[in-house]
Amino acid sequence: MKAHASQLEDRIHPVDRPAAATARACSNVALVKYWGKVDEVRRVPATGSLSITLAGLTTETTVAFSNRDEPDLIVLDGRPVGGREAARVSAFLDLIRGASVQQDRPVGAASVRSVNYFPTAAGLASSASGFAALAAATVRAAGMDTDPDTLASLARLGSASAARSIHGGFVELVPFQRAGGDWDARTARVATEEHWDLRVLVSVIDSRYKPIGSTPAMARTSATSPYYGAWLDSWGADLTECREAIAGRDLERLASVAEHSALKLHALTTTSRPPMQFFRGPSLEVMHAVWDLRSSGTLCAFTADAGPNIKVLCSPDDEERVRSALTSVNGVQTVQATTVGGPVEIVSHDVDPTGVWGRGKARGGGDE
Ligand code: DP6
(Lines give C-alpha, C1' and ligand atoms only; values in the text may rest on other atoms or scores of the structure.)
Protein backbone atom coordinates (compact mmCIF):
# COMPACT_ATOMS: atom_id res chain seq x y z
CA MET A 1 0.00 0.00 0.00
CA LYS A 2 2.79 2.37 1.00
CA ALA A 3 4.78 2.04 -2.24
CA HIS A 4 1.62 2.22 -4.28
CA ALA A 5 0.34 5.29 -2.41
CA SER A 6 3.63 7.12 -2.92
CA GLN A 7 3.54 6.35 -6.67
CA LEU A 8 0.20 8.17 -6.68
CA GLU A 9 1.48 10.99 -4.47
CA ASP A 10 4.11 11.79 -7.13
CA ARG A 11 1.32 12.41 -9.62
CA ILE A 12 -0.58 14.94 -7.46
CA HIS A 13 0.70 18.50 -7.54
CA PRO A 14 -0.08 21.69 -5.61
CA VAL A 15 -2.10 24.41 -7.36
CA ASP A 16 -3.56 26.52 -4.54
CA ARG A 17 -3.72 27.05 -0.84
CA PRO A 18 -5.78 24.37 0.87
CA ALA A 19 -9.41 25.22 1.47
CA ALA A 20 -12.81 23.63 0.98
CA ALA A 21 -14.08 21.95 -2.15
CA THR A 22 -17.33 20.30 -3.20
CA ALA A 23 -17.42 17.59 -5.86
CA ARG A 24 -20.36 15.85 -7.52
CA ALA A 25 -20.06 12.32 -8.93
CA CYS A 26 -22.54 9.99 -10.61
CA SER A 27 -22.95 6.38 -9.66
CA ASN A 28 -22.38 3.67 -12.26
CA VAL A 29 -23.54 0.15 -12.96
CA ALA A 30 -21.23 -2.44 -14.47
CA LEU A 31 -22.35 -4.13 -17.69
CA VAL A 32 -19.37 -6.48 -17.40
CA LYS A 33 -18.96 -7.08 -13.69
CA TYR A 34 -15.99 -7.03 -11.37
CA TRP A 35 -16.10 -9.61 -8.58
CA GLY A 36 -13.05 -10.75 -6.62
CA LYS A 37 -9.78 -8.99 -5.81
CA VAL A 38 -6.15 -9.90 -6.54
CA ASP A 39 -5.05 -7.42 -3.88
CA GLU A 40 -7.50 -6.58 -1.10
CA VAL A 41 -5.44 -3.76 0.44
CA ARG A 42 -5.02 -1.87 -2.82
CA ARG A 43 -8.47 -2.98 -4.01
CA VAL A 44 -7.20 -4.33 -7.30
CA PRO A 45 -10.01 -6.22 -9.05
CA ALA A 46 -9.35 -9.79 -10.17
CA THR A 47 -11.43 -9.19 -13.30
CA GLY A 48 -11.90 -6.35 -15.76
CA SER A 49 -15.23 -4.51 -15.79
CA LEU A 50 -17.08 -1.99 -17.94
CA SER A 51 -19.76 0.34 -16.66
CA ILE A 52 -22.35 2.85 -17.72
CA THR A 53 -22.48 6.05 -15.66
CA LEU A 54 -25.87 6.88 -14.12
CA ALA A 55 -26.76 10.57 -14.41
CA GLY A 56 -29.65 10.63 -11.94
CA LEU A 57 -27.87 8.93 -9.04
CA THR A 58 -25.33 11.38 -7.67
CA THR A 59 -23.35 12.09 -4.53
CA GLU A 60 -22.20 15.57 -3.56
CA THR A 61 -19.32 15.76 -1.09
CA THR A 62 -17.73 18.76 0.58
CA VAL A 63 -14.31 18.41 2.17
CA ALA A 64 -12.69 21.16 4.24
CA PHE A 65 -9.26 20.73 5.79
CA SER A 66 -8.06 22.49 8.90
CA ASN A 67 -4.50 22.65 10.13
CA ARG A 68 -5.44 20.97 13.41
CA ASP A 69 -4.48 17.50 14.47
CA GLU A 70 -7.78 16.08 15.67
CA PRO A 71 -10.25 13.42 14.52
CA ASP A 72 -12.00 13.97 11.18
CA LEU A 73 -15.69 14.92 11.25
CA ILE A 74 -17.64 12.77 8.81
CA VAL A 75 -21.33 13.42 8.12
CA LEU A 76 -23.17 11.21 5.63
CA ASP A 77 -26.68 12.23 4.61
CA GLY A 78 -26.85 14.54 7.64
CA ARG A 79 -25.77 11.84 10.10
CA PRO A 80 -22.36 11.97 11.83
CA VAL A 81 -20.77 8.56 11.37
CA GLY A 82 -18.16 6.68 13.39
CA GLY A 83 -16.77 3.15 13.53
CA ARG A 84 -15.75 1.30 10.41
CA GLU A 85 -17.58 3.63 8.06
CA ALA A 86 -15.64 6.64 9.37
CA ALA A 87 -12.38 4.68 9.50
CA ARG A 88 -12.71 3.84 5.79
CA VAL A 89 -13.14 7.54 4.92
CA SER A 90 -10.31 8.65 7.25
CA ALA A 91 -7.97 6.03 5.79
CA PHE A 92 -8.71 7.53 2.40
CA LEU A 93 -8.08 11.09 3.68
CA ASP A 94 -4.73 9.87 5.07
CA LEU A 95 -3.56 9.19 1.51
CA ILE A 96 -4.02 12.85 0.61
CA ARG A 97 -2.55 13.95 3.93
CA GLY A 98 0.48 11.83 2.97
CA ALA A 99 0.77 13.69 -0.35
CA SER A 100 0.39 17.03 1.43
CA VAL A 101 3.23 16.20 3.83
CA GLN A 102 5.42 15.10 0.93
CA GLN A 103 4.80 18.47 -0.71
CA ASP A 104 5.61 20.38 2.47
CA ARG A 105 2.15 21.82 2.90
CA PRO A 106 0.55 19.41 5.33
CA VAL A 107 -3.18 19.45 5.89
CA GLY A 108 -4.74 18.33 9.16
CA ALA A 109 -8.18 17.14 10.21
CA ALA A 110 -10.97 17.21 7.65
CA SER A 111 -14.66 17.87 7.82
CA VAL A 112 -16.47 15.74 5.24
CA ARG A 113 -20.15 16.22 4.42
CA SER A 114 -21.65 13.92 1.85
CA VAL A 115 -25.20 13.80 0.50
CA ASN A 116 -26.62 11.13 -1.80
CA TYR A 117 -29.12 12.47 -4.33
CA PHE A 118 -30.61 9.11 -5.09
CA PRO A 119 -34.26 8.38 -5.82
CA THR A 120 -36.27 8.17 -2.62
CA ALA A 121 -36.11 4.80 -0.90
CA ALA A 122 -34.21 3.31 -3.78
CA GLY A 123 -31.77 1.50 -1.51
CA LEU A 124 -29.07 2.28 -4.00
CA ALA A 125 -26.62 4.20 -1.80
CA SER A 126 -23.42 3.68 -3.61
CA SER A 127 -19.78 3.55 -2.62
CA ALA A 128 -18.97 4.26 -6.29
CA SER A 129 -20.31 7.82 -6.44
CA GLY A 130 -19.34 8.34 -2.78
CA PHE A 131 -15.64 7.60 -3.14
CA ALA A 132 -15.42 9.28 -6.57
CA ALA A 133 -16.81 12.53 -5.12
CA LEU A 134 -14.65 12.15 -2.02
CA ALA A 135 -11.48 11.67 -4.07
CA ALA A 136 -12.10 14.74 -6.25
CA ALA A 137 -13.16 16.99 -3.35
CA THR A 138 -10.28 15.89 -1.12
CA VAL A 139 -7.58 16.56 -3.70
CA ARG A 140 -8.97 20.05 -4.46
CA ALA A 141 -9.60 20.87 -0.81
CA ALA A 142 -5.96 20.06 -0.10
CA GLY A 143 -5.04 22.67 -2.72
CA MET A 144 -3.84 20.09 -5.22
CA ASP A 145 -4.78 18.79 -8.63
CA THR A 146 -4.09 15.72 -10.70
CA ASP A 147 -5.14 13.97 -13.90
CA PRO A 148 -8.36 11.88 -14.13
CA ASP A 149 -6.46 8.57 -14.28
CA THR A 150 -4.65 9.30 -11.02
CA LEU A 151 -7.91 10.46 -9.47
CA ALA A 152 -9.49 7.17 -10.57
CA SER A 153 -6.63 5.21 -8.97
CA LEU A 154 -7.15 7.16 -5.75
CA ALA A 155 -10.92 6.59 -5.82
CA ARG A 156 -10.28 2.87 -6.36
CA LEU A 157 -8.43 2.71 -3.05
CA GLY A 158 -11.75 3.69 -1.41
CA SER A 159 -13.94 1.37 -3.49
CA ALA A 160 -12.93 -0.30 -6.77
CA SER A 161 -16.12 0.61 -8.64
CA ALA A 162 -15.57 4.30 -7.70
CA ALA A 163 -12.65 4.45 -10.16
CA ARG A 164 -15.15 4.11 -13.02
CA SER A 165 -17.27 7.05 -11.74
CA ILE A 166 -14.43 9.52 -12.30
CA HIS A 167 -14.65 9.51 -16.11
CA GLY A 168 -18.33 9.50 -17.10
CA GLY A 169 -19.94 7.78 -20.09
CA PHE A 170 -18.89 4.15 -20.58
CA VAL A 171 -15.79 3.24 -18.57
CA GLU A 172 -13.63 0.17 -18.12
CA LEU A 173 -11.43 -0.80 -15.21
CA VAL A 174 -8.84 -3.46 -16.01
CA PRO A 175 -6.23 -5.11 -13.78
CA PHE A 176 -2.62 -5.50 -14.92
CA GLN A 177 0.63 -6.69 -13.40
CA ARG A 178 3.59 -4.34 -13.04
CA ALA A 179 7.11 -5.44 -13.98
CA GLY A 180 7.95 -6.09 -10.31
CA GLY A 181 4.95 -8.38 -9.94
CA ASP A 182 2.61 -5.96 -8.12
CA TRP A 183 -0.96 -5.78 -9.32
CA ASP A 184 -2.52 -2.48 -10.35
CA ALA A 185 -5.56 -1.44 -12.42
CA ARG A 186 -6.21 1.22 -15.02
CA THR A 187 -9.37 2.96 -16.13
CA ALA A 188 -10.23 4.02 -19.67
CA ARG A 189 -13.27 5.80 -21.04
CA VAL A 190 -14.63 3.59 -23.81
CA ALA A 191 -17.23 6.13 -24.99
CA THR A 192 -18.54 9.51 -23.85
CA GLU A 193 -22.00 10.05 -22.38
CA GLU A 194 -23.08 11.58 -25.71
CA HIS A 195 -22.13 8.47 -27.68
CA TRP A 196 -25.28 6.48 -26.96
CA ASP A 197 -28.56 7.83 -25.61
CA LEU A 198 -29.75 4.99 -23.42
CA ARG A 199 -32.21 4.87 -20.54
CA VAL A 200 -31.52 2.88 -17.40
CA LEU A 201 -34.64 1.95 -15.44
CA VAL A 202 -33.97 0.92 -11.87
CA SER A 203 -36.60 -1.52 -10.55
CA VAL A 204 -36.52 -1.15 -6.80
CA ILE A 205 -37.49 -4.39 -5.10
CA ASP A 206 -35.96 -4.03 -1.68
CA SER A 207 -34.54 -0.75 -0.42
CA ARG A 208 -32.69 -2.16 2.61
CA TYR A 209 -28.93 -2.27 2.84
CA LYS A 210 -27.07 -5.34 1.63
CA PRO A 211 -26.67 -8.05 4.28
CA ILE A 212 -22.95 -8.49 3.51
CA GLY A 213 -20.28 -6.08 2.26
CA SER A 214 -18.68 -6.52 -1.16
CA THR A 215 -15.18 -7.26 0.15
CA PRO A 216 -16.07 -10.23 2.43
CA ALA A 217 -18.58 -11.50 -0.13
CA MET A 218 -15.91 -11.52 -2.83
CA ALA A 219 -13.41 -13.24 -0.53
CA ARG A 220 -15.95 -15.97 0.24
CA THR A 221 -16.63 -16.51 -3.45
CA SER A 222 -13.00 -16.79 -4.47
CA ALA A 223 -12.33 -19.22 -1.62
CA THR A 224 -15.35 -21.47 -2.05
CA SER A 225 -17.17 -21.27 -5.40
CA PRO A 226 -16.14 -24.07 -7.76
CA TYR A 227 -16.88 -21.72 -10.66
CA TYR A 228 -14.45 -18.98 -9.67
CA GLY A 229 -11.76 -20.30 -12.07
CA ALA A 230 -14.18 -20.13 -15.00
CA TRP A 231 -15.09 -16.58 -13.99
CA LEU A 232 -11.41 -15.55 -14.10
CA ASP A 233 -10.98 -17.23 -17.49
CA SER A 234 -13.96 -15.61 -19.19
CA TRP A 235 -14.07 -11.88 -18.36
CA GLY A 236 -11.65 -10.91 -21.16
CA ALA A 237 -14.01 -12.15 -23.88
CA ASP A 238 -16.97 -10.43 -22.19
CA LEU A 239 -15.09 -7.15 -22.08
CA THR A 240 -14.21 -7.31 -25.78
CA GLU A 241 -17.79 -8.13 -26.72
CA CYS A 242 -19.18 -5.35 -24.54
CA ARG A 243 -16.73 -2.79 -25.96
CA GLU A 244 -17.80 -3.78 -29.49
CA ALA A 245 -21.50 -3.64 -28.62
CA ILE A 246 -21.06 -0.10 -27.24
CA ALA A 247 -18.98 1.03 -30.24
CA GLY A 248 -21.71 -0.25 -32.60
CA ARG A 249 -24.61 0.93 -30.36
CA ASP A 250 -25.83 -2.65 -30.61
CA LEU A 251 -28.35 -3.16 -27.81
CA GLU A 252 -29.08 -6.76 -28.73
CA ARG A 253 -25.41 -7.67 -28.37
CA LEU A 254 -25.11 -5.60 -25.21
CA ALA A 255 -28.11 -7.45 -23.73
CA SER A 256 -26.48 -10.80 -24.45
CA VAL A 257 -23.13 -10.00 -22.84
CA ALA A 258 -24.43 -7.89 -19.93
CA GLU A 259 -26.98 -10.49 -18.84
CA HIS A 260 -24.38 -13.25 -19.23
CA SER A 261 -21.89 -11.37 -17.01
CA ALA A 262 -24.49 -10.52 -14.34
CA LEU A 263 -25.87 -14.05 -14.20
CA LYS A 264 -22.35 -15.51 -13.95
CA LEU A 265 -21.71 -13.26 -10.96
CA HIS A 266 -24.92 -14.45 -9.29
CA ALA A 267 -24.03 -18.06 -10.11
CA LEU A 268 -20.76 -17.48 -8.25
CA THR A 269 -22.41 -16.05 -5.14
CA THR A 270 -25.11 -18.73 -5.13
CA THR A 271 -22.49 -21.48 -5.30
CA SER A 272 -20.33 -20.01 -2.53
CA ARG A 273 -20.30 -21.63 0.91
CA PRO A 274 -22.34 -20.55 2.76
CA PRO A 275 -24.38 -19.36 -0.25
CA MET A 276 -25.21 -15.72 -0.93
CA GLN A 277 -28.45 -15.37 -2.87
CA PHE A 278 -28.98 -11.66 -3.56
CA PHE A 279 -32.09 -12.03 -5.73
CA ARG A 280 -35.58 -12.00 -4.23
CA GLY A 281 -38.58 -13.53 -6.00
CA PRO A 282 -39.53 -10.31 -7.85
CA SER A 283 -35.94 -9.98 -9.15
CA LEU A 284 -36.50 -13.15 -11.20
CA GLU A 285 -39.91 -11.90 -12.32
CA VAL A 286 -38.30 -8.70 -13.63
CA MET A 287 -35.78 -10.77 -15.62
CA HIS A 288 -38.64 -12.74 -17.16
CA ALA A 289 -40.44 -9.49 -17.99
CA VAL A 290 -37.30 -8.31 -19.82
CA TRP A 291 -37.05 -11.58 -21.77
CA ASP A 292 -40.78 -11.36 -22.62
CA LEU A 293 -40.33 -7.79 -23.87
CA ARG A 294 -37.42 -8.90 -26.03
CA SER A 295 -39.28 -11.82 -27.53
CA SER A 296 -42.11 -9.48 -28.45
CA GLY A 297 -39.69 -7.12 -30.22
CA THR A 298 -38.77 -4.51 -27.57
CA LEU A 299 -35.01 -4.40 -27.15
CA CYS A 300 -33.92 -4.14 -23.52
CA ALA A 301 -31.34 -5.72 -21.23
CA PHE A 302 -31.00 -6.23 -17.48
CA THR A 303 -28.14 -6.21 -15.07
CA ALA A 304 -27.99 -6.72 -11.30
CA ASP A 305 -25.33 -6.11 -8.65
CA ALA A 306 -24.99 -7.76 -5.26
CA GLY A 307 -28.57 -6.96 -4.29
CA PRO A 308 -32.16 -7.64 -5.36
CA ASN A 309 -32.77 -4.50 -7.48
CA ILE A 310 -32.64 -4.94 -11.25
CA LYS A 311 -31.47 -2.26 -13.69
CA VAL A 312 -32.90 -2.39 -17.20
CA LEU A 313 -31.40 -0.66 -20.25
CA CYS A 314 -33.46 0.40 -23.26
CA SER A 315 -33.68 3.09 -25.92
CA PRO A 316 -35.51 6.37 -25.11
CA ASP A 317 -38.31 5.38 -27.53
CA ASP A 318 -39.07 2.23 -25.56
CA GLU A 319 -38.81 3.78 -22.10
CA GLU A 320 -42.55 4.01 -21.42
CA ARG A 321 -43.28 0.49 -22.66
CA VAL A 322 -40.47 -1.00 -20.56
CA ARG A 323 -41.40 1.07 -17.52
CA SER A 324 -45.00 -0.10 -17.65
CA ALA A 325 -43.93 -3.77 -17.97
CA LEU A 326 -41.59 -3.44 -14.99
CA THR A 327 -44.10 -1.54 -12.86
CA SER A 328 -46.66 -4.28 -13.33
CA VAL A 329 -44.35 -6.94 -11.83
CA ASN A 330 -45.61 -7.87 -8.37
CA GLY A 331 -43.10 -6.81 -5.72
CA VAL A 332 -41.54 -3.95 -7.70
CA GLN A 333 -41.84 -0.90 -5.43
CA THR A 334 -40.77 1.84 -7.84
CA VAL A 335 -39.14 2.21 -11.23
CA GLN A 336 -36.71 5.13 -11.52
CA ALA A 337 -35.39 6.12 -14.93
CA THR A 338 -32.07 7.76 -15.59
CA THR A 339 -29.77 8.62 -18.49
CA VAL A 340 -26.03 8.24 -19.14
CA GLY A 341 -24.01 10.48 -16.79
CA GLY A 342 -20.84 12.50 -17.14
CA PRO A 343 -17.55 12.71 -15.24
CA VAL A 344 -16.99 13.84 -11.67
CA GLU A 345 -16.95 17.63 -11.33
CA ILE A 346 -15.85 20.21 -8.82
CA VAL A 347 -18.95 22.30 -8.16
CA SER A 348 -17.35 24.77 -5.76
CA HIS A 349 -13.93 25.55 -4.42
CA ASP A 350 -13.23 28.21 -1.80
CA VAL A 351 -9.68 29.21 -1.02
CA ASP A 352 -9.30 30.48 2.53
CA PRO A 353 -9.51 34.29 2.05
CA THR A 354 -7.63 35.07 5.26
CA GLY A 355 -4.56 33.25 4.08
CA VAL A 356 -3.88 32.10 7.65
CA TRP A 357 -4.37 28.49 6.77
CA GLY A 358 -1.40 26.31 7.34
CA ARG A 359 0.06 28.23 10.29
CA GLY A 360 0.53 26.26 13.45
CA LYS A 361 0.98 22.61 14.06
CA ALA A 362 -0.57 20.41 11.41
CA ARG A 363 -1.01 16.68 11.51
CA GLY A 364 2.10 14.95 10.27
CA GLY A 365 3.91 18.21 9.59
CA GLY A 366 5.73 20.98 11.40
CA ASP A 367 5.14 24.70 11.87
CA GLU A 368 4.93 26.72 8.74
C1 DP6 B 1 -21.23 -6.32 -8.00
O2 DP6 B 1 -16.77 -1.61 -5.82
O3 DP6 B 1 -18.59 -2.03 -4.12
O4 DP6 B 1 -21.16 -3.95 -8.09
O5 DP6 B 1 -14.13 -2.54 -4.14
O6 DP6 B 1 -14.98 -3.83 -2.17
O7 DP6 B 1 -15.70 -1.45 -2.52
P8 DP6 B 1 -15.23 -2.74 -3.17
O9 DP6 B 1 -16.46 -3.29 -3.99
P10 DP6 B 1 -17.47 -2.55 -4.93
O11 DP6 B 1 -17.96 -3.85 -5.75
C12 DP6 B 1 -18.76 -3.74 -6.86
C13 DP6 B 1 -19.23 -5.10 -7.26
C14 DP6 B 1 -20.37 -5.09 -8.24
C15 DP6 B 1 -19.86 -5.20 -9.68
C16 DP6 B 1 -19.22 -3.97 -10.27
O17 DP6 B 1 -19.60 -2.84 -9.91
O18 DP6 B 1 -18.33 -4.17 -11.13
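Figured I'd write up the structure that's included with this text. The structure displayed is predicted, hence computed values, not measured ones.

Rules used in this analysis
In this convention, every chain numbers its residues from 1, walking through the sequence in written order. For a predicted model such as this one, the threshold for reporting local features is a pLDDT of at least 70, and the threshold for listing and counting side-chain atom pairs is 80 or more; totals across whole chains, interfaces and linings nevertheless cover every residue. No hydrogens and no water enter the side-chain calculation; it runs on all heavy atoms of the structure. The secondary structure listing takes helices from DSSP runs of H or I that are at least 4 residues long and strands from runs of E that are at least 2 residues long, numbered from the N terminus. Counting of polar contacts relies on pairs of N or O atoms within 3.5 Å, with two restrictions inside protein: one atom must be capable of donating a hydrogen and the other of accepting it, and residues adjacent in sequence are counted only when both atoms are side-chain atoms. A simple rule labels every residue: compare its accessible area, found with a 1.4 Å probe on the protein chains alone, to the largest value its type can have, and call it buried under 20%, exposed over 50%, or partly exposed in between. One heavy atom within 4 Å of a molecule or strand makes the whole residue count as near it. For every accessible area listed, the method is Shrake-Rupley and the probe measures 1.4 Å; residues are considered covered only by the protein chains on display. Gly is placed with the polar residues, together with every amino acid not listed as nonpolar (Ala, Val, Leu, Ile, Met, Phe, Trp, Tyr, Cys and Pro) or charged (Asp, Glu, Lys and Arg). Either an automatic procedure or a domain database provided the assignment from which the domain bounds are taken. Any two strands between which DSSP finds at least two bridges are classified as paired. Orientation is described by axes fitted as lines to C-alpha atoms, over the contacting stretch for helices, and by angles from 0 to 180 degrees between their N-to-C directions. Throughout, a residue-residue contact means that at least one pair of heavy atoms, one from each residue, lies within 4.5 Å.

## A look at the side chain of R42
- Structurally, R42 is set in the loop between β3 (37-39) and β4 (44-45).
- A distance of 3.1 Å separates polar atoms of two side chains, one belonging to R42 and the other to D182.

## What about helix α4 (residues 148-158)?
- Counting buried positions along α4 gives nine out of eleven residues, so the element sits mostly inside the fold.
- T150, L151, A152, S153, L154, A155, R156, L157 and G158 are the residues of α4 that are buried.
- Where α4 starts, the residue carrying a side-chain oxygen 3.2 Å from the main-chain nitrogen of D149 turns out to be D147.

## Notes on the site of the ligand
- Contacts to the ligand come from 18 residues, most closely from Y34, K37, S159, S161 and R164.
- At 2.6 Å, a side-chain N or O of S161 approaches an oxygen atom of the ligand.
- One nitrogen or oxygen atom from the side chain of R164 is found 2.7 Å from an oxygen atom belonging to the ligand.
- Isolated, the ligand exposes 460 Å² of accessible area, and the fraction of that covered by the protein chains is 94%.
- For the shell around the ligand, the element with the highest residue contribution is helix α6 (residues 214-224), accounting for three residues.
- Broken down by class, the residue content of the shell around the ligand amounts to seven nonpolar, five polar and six charged.
- When residues of the shell around the ligand are assigned to domains, at least three map to each of domain 1 (2-194 + 352-358) and domain 2 (199-338).

## Focus on the sheet that holds strand β15 (residues 334-338)
- If you walk across this open sheet you meet the four strands as β13-β14-β12-β15, and the pairing is antiparallel. One side of each edge strand has no neighbouring strand; the edge strands of this open sheet are β13 (300-303) and β15. Strand-to-strand twist in this sheet, taken as the mean axis angle between neighbours without regard to direction, amounts to 25°.
- Relative to strand β14 (residues 310-314), strand β12 (residues 199-204) is paired through five bridges, and the arrangement is antiparallel. If you follow V200 over to β14, its bridge partner there is L313.
- The strands that helix α10 (residues 319-327) touches are β12, β13, β14 and β15; relative to β12, the one it contacts most, it runs at about 10°.

## Description of the pairing of strand β10 (residues 170-177)
- Burial of β10 is extensive: seven of the eight residues sit out of reach of the surface.
- Sheet analysis places strand β5 (residues 49-65) next to β10, joined by four bridges and oriented antiparallel. Counterpart to S51 in the pairing with β10 is V171.
- Bridge analysis of β10 against strand β11 (residues 183-191) gives eight bridges, and the strand direction is antiparallel. Across the sheet, residue Q177 finds its bridge partner in β11, namely W183.

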